[in-house]
Amino acid sequence: MPGNGNSLTTLRTAITVFFALDGFVFAGWVVRIPAIKEQTDASASTLGLALLGVSAGAVVTMILTGRLCRRFGNHRVTVACAVLLSLSVALPPLTHSALALGLVLLVFGAAYGGINVAFNSAAVDLVAAMRRPIMPSFHAAFSLGGMIGAGLGALVAGSLSPTRHLLLLTVVGLLVTAVAGPTLLRHEPPAAPERERPAADAPRRPDGRTRGLVLVFGLIAGCTAYGEGALADWGALHLEEDLAASPGAAAIGYSCFALAMTVGRLTGTTLLERLGRTRTVVAGGATAAAGMLLGSLAPALWAALLGYAVTGLGLANLFPVAVERAGALAGPGGVATASTLGYGGMLLGPPAIGFMADWFSLPAALTSVAILAAVAAVIGFATRRAAPG
């Protein structure tokens, strides 16, 4: 079992690679959504229901993954889900109806949800062993992977078909897993510091207060994931349809968002050490709310891109803080619960925004992201004395 600094550093690097791979693959898929929409001839609301497959598959799998992590270990489950994620991303461009798209996205979503619970649980173990709030650095790798994946998508959108592009992601994903996977499999999860280990006779099931706090952190994660999912699924479409951006320029919108999240998360450890978790959550939620109002309602492309960036900066550390605290309280089960509630927000996002876009307009629908970011800030402030850490 790794206990020295070199082993922990090696383990941290391997986990970081899988966070980056997850962001890279997911962003590569989302920037091709406009092309898949045209291919399947789906309306906004029908596409929203098809996109529900990603979140539905993720949410259903997350509770099961918490149990699998306890039985087989976080590291083994991470590697297995990485293989499934890499294979399933090639499926969406092979479909020609919204129904078929929704079905293959269930598989993609299951892999995406599984790997998120597994590597977040592995990261929580490492945070406890290293005794530093380094959780944002892992999520920075996810955002950096997303930025690269979206940037690559923007470059090839006009010249490479979605089928060839996503097949390329499959090859990259399998190669990265083959390189980083053995390192992860050789290392057992590090033990928590002696003073943080539960007593031998401690109850396995968390008490009511702990479960309540995990749910609160899950609500914060849900408000955040709603915003991330909305910009991933609808951000490019808003720029293309409402602001007349080219496919390449529309793809850059998600790159701006991912870049800002990367910057916010790279500085997240320092921010948490200086401000603490409550102030970080409150300031982040307020910033994201202001940014998304600009991103959704601005009449010019440059202003919308700026709004996307400010939103990414604000949302950057909300989800990492929520998941880390839930995992610290209740282990993989806490991560699974908070992640499930988090992606419950993503579950509601695609169809809700699709229907609101049909009823009102897509810009009006996207303002719901600002509302929920503000809600996350309020929850963070209201629970400042109840939340540990």
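This is a predicted model, so every value here is computed, not measured.

Q: How do you make sense of the overall build of the chain when you look at a structure like this?
A: Along the chain, the regular secondary structure elements total 13 helices and zero strands. Secondary structure elements of the chain, listed N to C terminal, follow the sequence α-α-α-α-α-α-α-α-α-α-α-α-α. Taken along its principal axes, the extent of the C-alpha atoms in the chain is 60 × 45 × 30 Å. Within the chain, contacts between residues separated by at least 24 positions form 86% of all contacts whose residues are at least 6 apart in sequence. By element, 66% of the accessible surface of the chain is carried by carbon and sulfur atoms, the whole surface being about 15,300 Å². A distance of 11 Å separates the average location of the 24 positive side-chain charges in the chain from that of its 17 negative side-chain charges.

Q: Honestly, helix α8 (residues 208–242) in this entry has me stumped. Any pointers?
A: Residues separated by three or four positions in an α-helix point in the same direction, a consequence of the helix having 3.6 residues per turn. Between the first and last C-alpha of α8 there are 47 Å, a value that for 35 residues agrees with the 51 Å anticipated at 1.5 Å per step. Along α8, the largest kink reaches about 50° and is centred on Trp234. Taking burial as the measure, the 35 residues of α8 include 26 buried ones, the bulk of the element. Among the residues trailing α8, Ala244 stands out with phi positive, at a value near 55°.

Q: Got a minute to help me understand the packing of aromatic side chains in this structure?
A: Here the distance between the centres and the angle between the planes together describe a pair of aromatic rings. Under the counting rule described, the total for this entry stands at six aromatic pairs. With 5.8 Å between their ring centres and 25° between their planes, Phe355 and Trp359 make a pair best called stacked. Of the two residues, Phe355 and Trp359 are both situated in helix α12 (residues 318–359); the distance of four residues between them amounts to about one turn of the helix. Classification of Phe355 by relative accessible area gives partly exposed; the value is 30%. What links up through ring pairs into an aromatic cluster is the set Phe26, Trp29, Phe108 and Tyr112.

Q: Looking at this structure, how should I read the side chain of Thr224?
A: When you line up the elements, Thr224 lands in helix α8. Engagement of the side chain of Thr224 in a polar contact is seen with the backbone oxygen of Ile220, the distance being 2.9 Å. Residues in contact with Thr224, not counting those within four places in the same chain, are Leu315, Leu318 and Phe319.

Q: Looking at this model, I keep getting lost on the nonpolar core. Mind explaining?
A: Proteins that are soluble and globular tend to have nonpolar side chains buried together. One finds Phe26, Trp29, Phe108 and Tyr254 to be the most contacted residues of the largest nonpolar core, which totals 115 residues. At 17 residues, the largest contribution of residues to this core is made by helix α5 (residues 98–130). Not counting residues up to four positions away in its chain, the partners in contact with Phe108 are Val25, Phe26, Trp29, Val54, Leu85, Ser88 and Val89.

Q: Explain the packing of helix α3 (residues 44–72) against α5 here, please?
A: Between two packed helices, what matters for the description is the angle formed by their axes and the separation of those axes. The N-to-C vectors of α3 and α5 enclose an angle of 35°; their axes lie 6 Å apart at closest approach. Taken as a pair, α3 and α5 cross one another with a handedness that is right-handed. A per-class count over the contact of α3 with α5 returns 16 nonpolar, 11 polar and no charged.

Q: What exactly am I supposed to notice about the side chain of Asp22 here?
A: Along the chain, Asp22 turns up in helix α1 (residues 5–30). Buried charged residue Asp22 carries no salt bridge. Nearest counter-charge: Arg265, at 9.2 Å. Excluding residues within four positions of it along the chain, Asp22 makes contact with Leu85, Tyr112, Ile115, Asn116, Phe119 and Phe142.

Q: Any chance you could explain the pattern of salt bridges here in plain terms?
A: Any two side chains of opposite charge can pair, given that their charged atoms come close. Summed over all chains, the structure comprises five salt bridges. Residue Lys37 pairs with Glu241 through a salt bridge whose shortest N-O separation is 4.0 Å. Within this pair, whereas Lys37 is found in helix α2 (residues 33–40), its partner Glu241 is found in helix α8, the two being separated by 204 residues in sequence. On the accessibility criterion, Glu241 (51% relative accessible area) is exposed. Taking the shortest distance from any N to any O, the salt bridge between Arg132 and Glu273 comes out at 3.5 Å. Remark: Glu273 occurs in helix α10 (residues 268–297) and Arg132 occurs in the loop between α5 and α6 (135–156); sequence separation between them is 141 residues. Beyond isolated ion pairs, a larger network of salt bridges with shared partners links Arg277, Glu324 and Arg325.

Q: Can you help me understand the packing of α8 against helix α9 (residues 247–266) in this one?
A: Following both chains from N to C, one finds α8 and α9 inclined at 145°, their axes separated by 7 Å at the closest point. Along this stretch, α8 crosses α9, giving a crossing that reads as right-handed. Contact residues: Glu228, Leu231, Ala232, Ala236, Leu239 and Glu240 in α8; Pro247, Ala249, Ala250, Gly253, Tyr254, Phe257, Met261 and Arg265 in α9. Class assignment for the residues of the contact of α8 with α9 results in 10 nonpolar, one polar and three charged.

Q: Would you take a moment to explain a nonpolar patch on the surface for this structure?
A: A grouping of Leu84, Leu91, Leu94, Leu99, Leu103, Leu106 and Val107 is seen on the molecular surface, where their side chains present a nonpolar patch of about 610 Å² in accessible area. The element best represented in the nonpolar patch is α5, accounting for four residues.

Q: Would you mind going over the environment of His165 with me for this structure?
A: Tracing the chain through its elements places His165 in helix α7 (residues 162–186). Residues His165 and Gly153, spaced 12 residues apart in sequence, show a C-alpha to C-alpha distance of 7.8 Å. The residues touching His165, leaving out its near neighbours within four places in the chain, are Gly28, Val31, Arg32, Gly153, Val156 and Leu160.

The rules behind the values
- Residues numbered from 1 in each chain as written.
- Predicted model: local features only at pLDDT ≥ 70, side-chain atom pairs only at ≥ 80, totals over all residues.
- Heavy atoms only, no water.
- Helix = DSSP H or I, 4+ residues; strand = E, 2+ residues; numbered from the N terminus.
- Contact = heavy atoms within 4.5 Å.
- Areas by Shrake-Rupley, 256 points an atom, 1.4 Å probe, with all protein chains shown as cover.
- Lys, Arg positive; Asp, Glu negative; His and termini not counted.
- Charge placed at Lys NZ, Arg CZ, Asp CG, Glu CD.
- Expected span 1.5 Å × (residues − 1).
- Bend = angle between axes of the 7 residues up to and from the residue.
- Buried < 20%, exposed > 50% of the residue type's maximum accessible area, 1.4 Å probe, protein only.
- Phe/Tyr/Trp six-rings, centres within 6.5 Å; stacked < 30°, edge-to-face > 60°.
- Polar contact = N/O pair within 3.5 Å; in protein donor to acceptor, adjacent residues only side chain to side chain.
- Core = buried A, V, L, I, M, F, W, Y, C linked by side-chain atoms within 4.5 Å.
- Axes fitted to C-alpha atoms, helices over the stretch in contact; angles between N-to-C directions.
- Left-handed = near helix turned anticlockwise from the far one by under 90°.
- Nonpolar A, V, L, I, M, F, W, Y, C, P; charged D, E, K, R; others polar.
- Salt bridge = Lys/Arg side-chain N within 4 Å of Asp/Glu carboxyl O.
- Patch = residues over 30% accessible without salt bridge, like charges linked within 9 Å, V, L, I, M, F, W, Y side chains within 5 Å.

So yeah, pure geometry; function would need other evidence.
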